[in-house]
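Structural features, examined
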Amino acid sequence: MRDHVDLALVGLGSVARPFVDLLVQRVTRLGLRWRIVAVATARHDCALAPDGIDGSTLLRLADAGASLAVVHDASTGATPSDAMELLERLAAWRQDHPDAARLTVVENTPLGLDGGQPGLAHVRAALEFGADVITANKGPATFAYRELSEQASAAGTMFRFEGAVLDGLPVFSLLRETLPGVRIERVRGVVNTTTNHLLTAMEQGRSLYDAIADMQAAGIAEADPAMDIDGWDAAAKTAVLANVLFGAEITSHDVAREGLRAIEPSAVQAARRAGGAVKLVASAERRGDGIVATVGPRVLDGDDPLAGLSGTAKGLVIETDVLGPLVISKPASDVTHTAYALMADLLSTHRQTTDSLK
């Protein structure tokens, strides 16, 4: 069953739903047969169905806020109570069915600053019983990138997280697959949608808190935007970049972090009038034998590639030893972009697996 993959979804929120929609629309046309065999949610119950759950049915239930228990296969036992029980039950079922298709666990719970939990526990468990893991959750790679990569390598599985930093823009796959032998000296970027949108609003005369209220009303910012405006989301992404690109072993708590609360609109407007811009910049670089990682508001010159990223734009400047600075960016961000990164990771892991079996 080389052209077939089973999927277990841990989390069915704003990213996982468009991911399923992309699967329904596109993946079969790209040569991959798939089925969803397990789903875990925090508020809408869990379901284990080894014969498969129809993707369109799953989306209808999720959009209606209905319980997923209606698609659970009762022959497997009672409905699992949480994600860990679901993964344990799925592992036991697969042990009894050694001819089952290769399994990919799609982990999409929110970032946890307390050691990356619960996402880290889900990834560890999935790799332990031989599943590939793809995720847009920053937590696992922030708090345990080396451990999880080594665990996956030892088990003959894969751990991918392309969507964790720049949504659908390729960062890790770009470097892994197309730039062999290049040494990265420094990375810096605009990596948080909410703070960049806020700074753009402040350029237009809005206060930080008025801009936050506008974004909450539009559904862009969370009810509690502290993770964004205090720089925690960007710090987690910075740690991921440092861990993957530089071999560091840092977490978001090791990143020197400054948020936006002390920034006045007048300073943002003055920078723009002078031809520059204030941006919340995430940065990691080699310095001597160590790594320096920071997040904070910076006044950028107008010719800086990051200065022109407004609204929900994101981008990264990657400084290399051979090619000099490389710039990747996109003018807008959306959850569908992150969902695309999951799909790209799924197709990449499947391609790598089938190539190894030829």
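In this report, the structure presented in the accompanying data block is examined.

Criteria and thresholds
- Residues numbered from 1 in each chain as written.
- Predicted model: local features only at pLDDT ≥ 70, side-chain atom pairs only at ≥ 80, totals over all residues.
- Heavy atoms only, no water.
- 1 Å grid on protein atoms, 1.4 Å probe; cavity = no way out; pocket = protein on both sides within 12 Å on 5 of 7 lines; lining within 4 Å.
- Points joined across faces, edges and corners; volume = space filled by probe spheres on them.
- Helix = DSSP H or I, 4+ residues; strand = E, 2+ residues; numbered from the N terminus.
- Nonpolar A, V, L, I, M, F, W, Y, C, P; charged D, E, K, R; others polar.
- Buried < 20%, exposed > 50% of the residue type's maximum accessible area, 1.4 Å probe, protein only.
- Pairing = 2+ DSSP bridges.

What the second largest pocket holds in volume is close to 240 Å³. Lining the second largest pocket are 16 residues; nearest its centre among them are Y145, S149, F159, R160 and R176. Elements supplying a minimum of two residues to the lining of the second largest pocket: α5 (139–155), β6 (159–160), α7 (172–178) and α13 (335–357). When the residues that make up the lining of the second largest pocket are grouped by side-chain class, the tally is 8 nonpolar, 4 polar and 4 charged.

Looking now at the pairing of strand β3 (residues 46–53). A large share of β3 lies buried, amounting to 6 of its 8 residues. Bridge analysis of strand β2 (residues 33–40) against β3 gives 4 bridges, and the strand direction is antiparallel. Considered in β3, the bridge of A38 is made with L48. Here β2 folds back onto β3, and the loop between the two strands holds 5 residues, one of which, D45, carries a positive phi near 70°.

This part takes up the pairing of strand β1 (residues 4–10). Most of β1 sits inside the fold, with 7 of its 7 residues counted as buried. Burial along β1 is two-sided: the residues H4, D6, A8 and V10 and V5, L7 and L9 are all buried. Looking at chain direction, β1 and β2 are connected through 7 bridges and run parallel. Paired with V10 across the two strands is A40, which belongs to β2. Here β1 pairs with strand β4 (residues 102–107) via 6 bridges, running parallel. Pairing of L7 across the sheet is with T104, part of β4.

These results come straight from atomic positions and should not be treated as a statement about function.
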